[in-house]
Amino acid sequence: MISSANSIPNDAHLHSDVCVVGGGPAGIALTLTLAQQGISVLLLESGFLKEDADTQALYNGEVVDERMHSPPDKYRQRRMGGSSTIWGGRCMPFDPVDFENRAHVPDSGWPISYADVLPYYPAANAWAEAGRFSYQAPEAFGSGALPMIPGFVSTTVSTDGLERFSCPTDFGKRYAKRLQVEPRVRVLLGANCTAVTLQRDGRSVKELQVKTLAGSRFRVTARSTVLAAGGLETARLLLASQDVTPQGVGNAHDVVGRYYMCHIAGNVGMLTLQGWPRDIRHGYEVSPEGIYCRRRISVTASEQRRLGLANAVARLHFPRITDPAHRNGVLSGLFLARRLISYEYSKRLNDGNTNNASTYVRHLMNVVTDPRDTTAFLAHWIRKRSLAHRKFPSVILHNRTNRFSLEVHGEQYPLRDSRLTLTDKRDALGMPQVKVDWRYCRDDIESVKRTLDVIALEISRSGVGKFEYNHSTLEEELMRFGAYGGHHVGTTRMGTDLRTSVVDPDCQVHGVRGLFIAGSAVFPTSSQANPTLTLIAMALRLADKLSANLRADKHVVMPGAFA
Ligand SMILES: Cc1cc2nc3c(=O)[nH]c(=O)nc-3n(C[C@H](O)[C@H](O)[C@H](O)COP(=O)(O)OP(=O)(O)OC[C@H]3O[C@@H](n4cnc5c(N)ncnc54)[C@H](O)[C@@H]3O)c2cc1C
């Protein structure tokens, strides 16, 4: 059942087996999976089925340097479905190496392994509507698989890795009906959890404090509580919950909000390939079950270990859109139309060097002199993107020259000083706002540089082309837009050492029985991969743990435990 929190009487006290805070991909997958296992769940979602400006404003906050990180109300959505209402849908699992304790990546190492998460990935793929759990081209395409770059052979660089694309699925819309009809689920919209109140000994949760923007408040007590409010908000909620522990819940060692990671990303260099342009697989291929897939270039795990590299991938990409020197009508059209595109998708079309009349004129000339491509692109976009259910994932251009930039997406080193804190400013519900101080380090740039060196060497050794870039501008290229938006990782990281982690291998907050976290906040490292598939897999793993715990607990109230 889905209803409004405004229907709950002021000062009411609700009870449930499990209470989940946050109805994004993590919270929704967790809630419905628990319900299927016979557990009743109360899902508190701050937002509504549609965007609401006052609710979104609860995400307002500060950033230390806006060139390095977007304001906290951007790149996340406070409404049913969370940020999946605007995500790009790119799915891929983390790699086994991401879970390892790597001496060259300080503070790396998960207390669980890839094998612990692997059983949950196929179901996570299904939740994201990304087809089979098959991320290698030969396996996914079978005998129809063609090489990404004909003639390229290497034992240290792979071009077989795939990313798969979700519709992209808006979890709020897609799963609303199931949430509505599932008898063991109760969803309250407009229900903002403003604090986690602990028992006096600080060792378990007493209740959650919930407020609505209409002015009412109520409490919730559950046997297990899961915070699934997103990578920034979950940390904010713990830090702001100071009734029993003044430093915040789970924060005895000042770790909550620290080790905040995004991804290191940017377009770099120029790769010139030989052969026929049509033989290079730089765009989307469709898998036998109809899923858009794209190849990536990656350095093998053994070579990463041998050379001491962080994990990163590269895709074949078109030149930087903002520079009209590309002479491409479609790219210039995108540049000129950027004000019509949302902040999140136009940010990388505004690099600060382009606001002069001559740049505009050159872009305009590109559009005017390239009418054939521009019109063909528009027709394709309307048919395959605007009108399609499963949307063509992004702009891909015919490449007639066989020249590409490389679009890098890499993990960043976990840094204790990269962090969120609370400010004195409060939101409309009285909660302190968040301040984001995102940092990166020299090793992040150095590791990407050395990864590109390996790729360049193997491309040249294979005799299929050459990659050139200017090392001196690499940092500028990677930091041109600061942190890659939307991937909020590590603020309540998993571990066994209380001085460097917030949750244990079961995602339970250290020392607080019954309080769990779902979402990318628990990842100790960020991988090359986008986070959502893995955070869904981890939420499904958590569902199994909670379900087993609750079944073992004879006092559990099931089913229909709402009171
Ligand atoms: C523009 C953009 C593109 C992206 N593209 C990709 C991509 O291609 N691939 C990928 O893997 N990831 C992508 N992401 C990231 C992806 O959207 C997130 O990883 C994912 O949505 C996180 O899911 P979540 O459930 O953990 O958190 P969220 O989606 O943030 O959901 C959290 C939920 O909690 C609710 N909430 C917050 N605070 C409270 C509170 N106090 N009380 C009650 N409810 C609360 C919110 O309203 C929200 O519904 C993208 C993100 C953006 C912004």
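Coordinates for the structure precede this section.
Residues numbered from 1 in each chain as written. Predicted model: local features only at pLDDT ≥ 70, side-chain atom pairs only at ≥ 80, totals over all residues.

Draft legend 1. Representation of the site of the ligand. Inspection of the region around the ligand gives 39 residues, with G22, G24, G82, G230 and G486 positioned closest. Contributing elements (two or more residues each) for the shell around the ligand: α1 (25-36), β3 (41-45), β9 (192-198), α7 (233-240) and α15 (532-552). Of the residues assigned to the shell around the ligand, the class counts are 13 nonpolar, 19 polar and seven charged. (Near = placed C-beta within 6 Å. Helix = DSSP H or I, 4+ residues; strand = E, 2+ residues; numbered from the N terminus. Nonpolar A, V, L, I, M, F, W, Y, C, P; charged D, E, K, R; others polar.)

Draft legend 2. Representation of the sheet that holds strand β19 (residues 432-437) within the structure. With respect to topology, three strands assemble into an open sheet ordered β4-β19-β18, the strand pairing being mixed. The open sheet has two free edges, formed respectively by β4 (61-63) and β18 (419-426), since each of these has just one partner strand. In this sheet, neighbouring strand axes are inclined to one another by 25° on average, regardless of whether the strands run parallel or antiparallel. When β4 meets β19, the two strands line up parallel, connected through three bridges. Following the sheet pairing, E62 is matched in β19 by K435. (Pairing = 2+ DSSP bridges. Axes fitted to C-alpha atoms, helices over the stretch in contact; angles between N-to-C directions.)

Draft legend 3. Expanded view of unusual backbone geometry. Note the cis peptide between C167 and P168, where omega equals 5°. With respect to the helices and strands, the residue P168 is situated in the loop between β7 (162-165) and α6 (171-181). A positive phi is found at D107, a non-glycine position, where the angle reads about 65°. In this structure, D107 sits in the loop between β5 (90-91) and α3 (114-117). C-beta crowding within 10 Å serves as the criterion here: with 19 such atoms nearby, D107 is assigned to the partly exposed category. A positive phi is found at C507, a non-glycine position, where the angle reads about 70°. You can see C507 is positioned in the loop between α14 (474-479) and β21 (515-517). (Buried ≥ 20, exposed ≤ 12 C-beta atoms within 10 Å, placed from the backbone.)

Draft legend 4. Highlighting α7. Judged by how many residues are buried, α7 sits mostly within the fold: eight of eight residues are covered. Within α7 the residues assigned to the buried category are E233, T234, A235, R236, L237, L238, L239 and A240. Here the buried face of α7 lies against β9, β11 (217-227), β18, β19 and β21. (Contact = placed C-beta atoms within 7 Å.)

Draft legend 5. The packing of α1 against α15, seen in detail. In contact at an axis separation of 9 Å, α1 and α15 are set at 35° when each is read in the N-to-C sense. Taken as a pair, α1 and α15 cross one another with a handedness that is right-handed. Between α1, through P25, A26, A29, L30, T33 and L34, and α15, the contact on the second element is made entirely by T532, L535, I536, A539, L540, L542, A543, L546 and S547. The residue inventory of the contact of α1 with α15, partitioned by class, reads twelve nonpolar, three polar and no charged. (Left-handed = near helix turned anticlockwise from the far one by under 90°.)

Draft legend 6. Representation of the pairing of β11 in the model. A large share of β11 lies buried, amounting to eight of its eleven residues. Looking at chain direction, strand β2 (residues 13-21) and β11 are connected through eight bridges and run parallel. The residue of β11 that forms the bridge with S16 is A222. In this sheet, β11 lies alongside strand β10 (residues 205-211) in antiparallel orientation, the contact comprising four bridges. In the strand pairing of β11, L208 is matched with V220. In textbook terms, the turn of a hairpin is the stretch between consecutive antiparallel strands, and for β10 and β11 this stretch comprises five residues, one of which, G215, has a positive phi near 110°.

Draft legend 7. Representation of the environment of G257 in the model. As for its placement among the helices and strands, G257 is situated in the loop between α7 and β12 (264-273). Taking the C-alpha atoms as reference points, G257 and V436, 179 residues apart in sequence, are found 9.1 Å from one another. Setting aside anything within four residues of it in sequence, one finds G257 in contact with A235, L239, R419, L420, T421 and T491.

Draft legend 8. Quick peek at α1. Taking 1.5 Å as the rise per residue, α1 with twelve residues should run 16 Å; its terminal C-alpha atoms sit 17 Å apart, in good agreement. Summarising burial for α1: eleven of the twelve residues are buried, a large majority. Regarding α1, the residues found buried are P25, A26, G27, I28, A29, L30, T31, L32, T33, L34 and A35. Looking at the residues trailing α1, positive phi occurs at G38, about 90°. (Expected span 1.5 Å × (residues − 1).)

Draft legend 9. How the structure looks around the packing of α1 against α6. It is the contact of α1 with α6, at a shortest axis distance of 11 Å, that shows an interaxial angle of 20°. When the axes of α1 and α6 are compared, the pair comes out roughly parallel. Like other packed secondary-structure pairs, α1 and α6 cross with a definite hand, here left-handed. Packed against α1, whose contacting residues are P25, I28 and L32, the element α6 presents F171, Y175, R178 and L179 at the interface. In the contact of α1 with α6, the residues fall into six nonpolar, no polar and one charged. (Parallel < 35°, antiparallel > 145°, perpendicular 65-115°, else oblique.)

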